[in-house]
Amino acid sequence: MATRLPEAASVTFSHPDPMVPHLYRVLRTRWDTGDTFSLELTPEQSADIPQFEAGQFNMVYIYGVGEIPISISGDPARRDTLIHTTRAVGTVTRVMSKLKVDDLLGVRGPFGSAWPVETGRGKDMIIVAGGIGLAPLRPAMYRILAHREDYGRVVLLYGARTPADVLYRKELEQWRSQFDLDVFVTVDRATGNWRGSVGLVTQLIGRAPFDPMNAMAMVCGPEVMMRFTTMELKKRGISGDHIYVSLERNMKCAIGLCGHCQVGSLFVCKDGPVFRHSRVEPLLTKWEI
Amino acid sequence: MKTLESIVAQHPFFNGLAQPYLTLITGCASNVVIKPGELLFREGEEATQFFTIRTGILKLGVLVPGQGEIVFQTIHEGEIVGWSWMFPPYRWHFTGRAATELRVLAFDARCLLQKCEADSGFGYEFMKRFSRIMMERIQATRLQLIDMYQTRG
């Protein structure tokens, strides 16, 4: 009998009306790189934030400006604050980047599927992130590290544009200093004082230490980076059934009603954003969608 | 004690190479160790060798006035570097500097070219291996050119 493959972990709504934003107050702001910032938020109307799973996203609403989807980048075990990391590139995120402590904004969520961290127990975990793609994967790292003994090797491969664009630098250094983690960071180009690797994140895969026959990979970054990363992972011997990717589309309602984020027969907001690669692979190279 | 031929045979670039060819190649090889920060080769100089990395990291870069040396790739253990010796004008296009202590095997270009010319089977095998590396590097360069992490509003 055929075994049913695990999809990305599905999660149910935690709020009664998922279209109503809840008030959050800015606790802290931090610039992570020249164009990327993190907001630490606390709920106004309750003590705890809704329980979320690694890989899920919220719709963040700047009143009078607009609403955008942003992955949650904090620790799922922490219920007191919500952390979002994003780039200041559009109308909403530029205004968001100027928010100050005690400013208010609206949050709906959490929405979407999660990284199948639980399914990976007993396996080598390969986490591949490109650019700001590290933000949605950070909660998965926290989850894995909280139960480190349940996993085989844990390998984080991270690629950024330049050394100045490396996200969560202190945390990466801390993870790299741990004896039970393999952390490799590479940049596309560097000046003389950078001591790490230079080249594409895909080039780290060939020399990463893991057993492809007993490994699960979670990949997040620009879609072209994910395409080539999955190719390299498969070359190493990991099946597409054990590779998970997080897709990004124009999400509006976040509950699979409006159709803005539709890819083929899937709604990225509801069926994703985390998908088993073998499920979405045929869709990723279709120009028409 | 390890022989030079056994060291050559252990490098992934030569995986599966027939014994007579390994012996031919080893005849052109020598061991080189350089310290961190030292140059393995310099842009514009005559390219008379290629290298397989045994241990350590090599930075490939180019000098940009006002910005210093811009590193666009690092070459690691198990990889190879250098094909300027194969085509005119036989000069290094970039600079190779040791990022860490570097142990490499250096292969003499003239010696290899003569052996490739004399034995077309050997030459074909050798060029196939180099072509694969070239293709991988070109593909990686194309992806770097896309600048996929660039901020787009």
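Quick caveat, the model's predicted, so the values are computed rather than measured.

Thresholds applied
Residue indices begin from 1 for each chain and proceed along its sequence in written order. Just so you know, chain letters begin at A and ligand numbers begin at 1, following the order they were written in. Local features are withheld for residues below a pLDDT of 70 in this predicted model, meaning they are given only at 70 or higher, and side-chain atom pairs are given and counted only at 80 or more; totals for whole chains, interfaces and linings count all residues. Put simply, DSSP marks the helices as runs of H or I at least four residues long and the strands as runs of E at least two long, and each gets a number from the N terminus on. Put simply, the radius of gyration uses C-alpha atoms, and a globule should come to 2.2 Å times the residue count raised to 0.38. Any residue with 12 or fewer other C-beta atoms within 10 Å of its own C-beta is exposed, any with 20 or more is buried, and the rest are partly exposed; the C-beta atoms used are placed from the backbone. Once C-beta atoms are placed from the backbone, any two residues with those atoms within 7 Å are in contact. Should DSSP find at least two bridges between two strands, the strands are taken to pair. Orientation is described by lines fitted to C-alpha atoms, with helices fitted over the stretch in contact, and by angles between N-to-C directions that extend from 0 to 180 degrees. Any angle from 65 to 115 degrees is called roughly perpendicular, while one under 35 is roughly parallel, one over 145 is roughly antiparallel, and all others are oblique. Each residue receives one of three labels: charged for Asp, Glu, Lys and Arg, nonpolar for Ala, Val, Leu, Ile, Met, Phe, Trp, Tyr, Cys and Pro, and polar for the others, Gly being one of them. Domain start and stop points were drawn from an automatic or database domain assignment. The term nonpolar core refers to a set of buried Ala, Val, Leu, Ile, Met, Phe, Trp, Tyr and Cys residues connected through C-beta atoms within 7 Å. Orient the strands so they point away from the viewer; a crossover is then right-handed if the path from the first strand over the helix to the second runs clockwise.

1. Topic: the overall build of chain A
Working step 1: Secondary structure assignment for chain A yields six helices and 16 strands.
Working step 2: Taken over the C-alpha trace, chain A has a radius of gyration of 18 Å; the compact-globule value for 289 residues is 19 Å, and the two agree within 12%.
Working step 3: Once the C-alpha set of chain A is aligned to its principal axes, its extents read approximately 55 × 50 × 40 Å.
Working step 4: Counting over 289 residues, chain A shows a buried share of 46%.
Working step 5: Looking at chain A alone, contacts between residues at least 24 apart form 72% of all its contacts between residues at least 6 apart.

2. Re the sheet that holds strand β5 (residues 82-87) of chain A
Residue and element names in this part refer to chain A.
Working step 1: Spatially, six strands are ordered β4-β3-β6-β1-β2-β5 in an open sheet, and the strand pairing comes out antiparallel. Two strands in the sheet have a free side with no partner beyond their single neighbour: β4 (66-71) and β5. The mean inter-strand angle of the sheet, taken between neighbouring strand axes irrespective of direction, is 40°.
Working step 2: Of the pairings in the sheet, the one linking strand β1 (residues 22-31) to strand β6 (residues 104-111) comprises four bridges and is antiparallel in character. Across the sheet, Leu23 pairs through a bridge with Gly106, a residue of β6.

3. Concerning the packing of helix α3 (residues 109-118) of chain B against helix α4 (residues 120-146) of chain B
Residue and element names in this part refer to chain B.
Working step 1: Following both chains from N to C, one finds α3 and α4 inclined at 120°, their axes separated by 5 Å at the closest point. Relative to α4, the element α3 is oriented oblique. Contacts between α3 and α4 involve Lys115, Cys116 and Glu117 from the former and Phe122, Gly123 and Phe126 from the latter.
Working step 2: Taken together, the residues of the contact of α3 with α4 sort by class into three nonpolar, one polar and two charged.

4. Quick word on unusual backbone geometry
Residue and element names in this part refer to chain A.
Working step 1: For the bond from Gly109 to Pro110, the omega torsion is 5°, close enough to zero to count as cis.
Working step 2: Summarising the element assignment, Pro110 is placed in strand β6.
Working step 3: The backbone phi angle of Asp102 is positive, close to 85°, even though this residue is not glycine.
Working step 4: The residue Asp102 is located in the loop between α1 (91-96) and β6 in this model.
Working step 5: Backbone geometry places Ala254, a non-glycine residue, at a positive phi of 75°.
Working step 6: Among the secondary structure elements, Ala254 is positioned in the loop between β13 (243-246) and β14 (262-263).

5. Observations concerning the domain arrangement of chain A
Residue and element names in this part refer to chain A.
Working step 1: For chain A, the assigned domains are domain 1 (22-111) and domain 2 (124-284).
Working step 2: With centres defined by C-alpha atoms, the gap from domain 1 to domain 2 works out at 22 Å.
Working step 3: Counting residues at the interface gives 21 residues for domain 1 and 20 residues for domain 2.
Working step 4: The set of elements that each furnish at least two residues to the side of domain 1 that touches domain 2 consists of β3 (57-62), β4, β5 and β6.
Working step 5: In terms of residue count, β6 provides more of the side of domain 1 that touches domain 2 than any other element does, three residues in total.
Working step 6: Grouping the constituent residues of the side of domain 1 that touches domain 2 by class yields eight nonpolar, nine polar and four charged.

6. As for the nonpolar core
Working step 1: Counting residues in each nonpolar core, the largest one holds 110 residues, and the members touching the most others are Ile127, Leu157, Ala217 and Tyr244 of chain A together with Leu58 of chain B.
Working step 2: Each of domain 1 (22-111) and domain 2 (124-284) of chain A contributes no fewer than three residues to this core.
Working step 3: For Ala217 of chain A, the contacting residues outside a window of four places in its chain are Ile126, Val128, Leu233, Ile238, His242, Ile243 and Tyr244 of chain A.

7. A few points about the interface of chain A and chain B
Working step 1: Between chain A and chain B, the residue contacts involve 26 residues of the former and 22 residues of the latter.
Working step 2: Within the residue set of the side of chain A that touches chain B, elements represented by two or more residues are β10 (190-191), β11 (197-198) and α5 (223-236) of chain A.
Working step 3: If one sorts the elements of the side of chain A that touches chain B by residue count, α5 of chain A sits on top with three residues.
Working step 4: When the residues that make up the side of chain A that touches chain B are grouped by side-chain class, the tally is ten nonpolar, eight polar and eight charged.
Working step 5: With two bridges joining them, β10 of chain A and strand β5 (residues 68-75) of chain B adopt antiparallel strand pairing.

8. Details of the pairing of β6 of chain A
Residues and elements named next belong to chain A.
Working step 1: Within β6, six of the eight residues are buried, which leaves the element mostly enclosed by the surrounding structure.
Working step 2: Two strands pair when backbone bridges link them, and β3 and β6 are joined in this way by four bridges, in the antiparallel orientation. The residue bridging Met59 from the neighbouring strand is Arg108, located in β6.

9. Here we look at the pairing of strand β8 (residues 154-160) of chain A
All names here are of chain A.
Working step 1: Judged by how many residues are buried, β8 sits mostly within the fold: seven of seven residues are covered.
Working step 2: Bridging between strand β7 (residues 124-130) and β8 involves six bridges; their strand directions are parallel. Paired with Gly130 across the strands is Gly159, a residue of β8.
Working step 3: The β-α-β motif built from β7, the intervening helix α2 (residues 134-146) and the parallel element β8 has right-handed crossover chirality.
Working step 4: In this structure, β8 lies alongside strand β9 (residues 182-187), joined through six bridges in parallel fashion. Note on β9: the bridge partner recorded for Tyr158 is Val185.
Working step 5: Remark: the β8/helix α3 (residues 169-177)/β9 crossover connection has right-handed handedness.

10. Re the sheet that holds β5 of chain B
Working step 1: Pairing is antiparallel in the open sheet, where five strands are placed in the order β10(A)-β5(B)-β4(B)-β7(B)-β2(B). Two strands in the sheet have a free side with no partner beyond their single neighbour: β10 of chain A together with β2 (39-41) of chain B.
Working step 2: Here β2 of chain B pairs with strand β7 (residues 95-98) of chain B via two bridges, running antiparallel. Bridge pairing links Leu39 of chain B to Arg97 of chain B in β7 of chain B.

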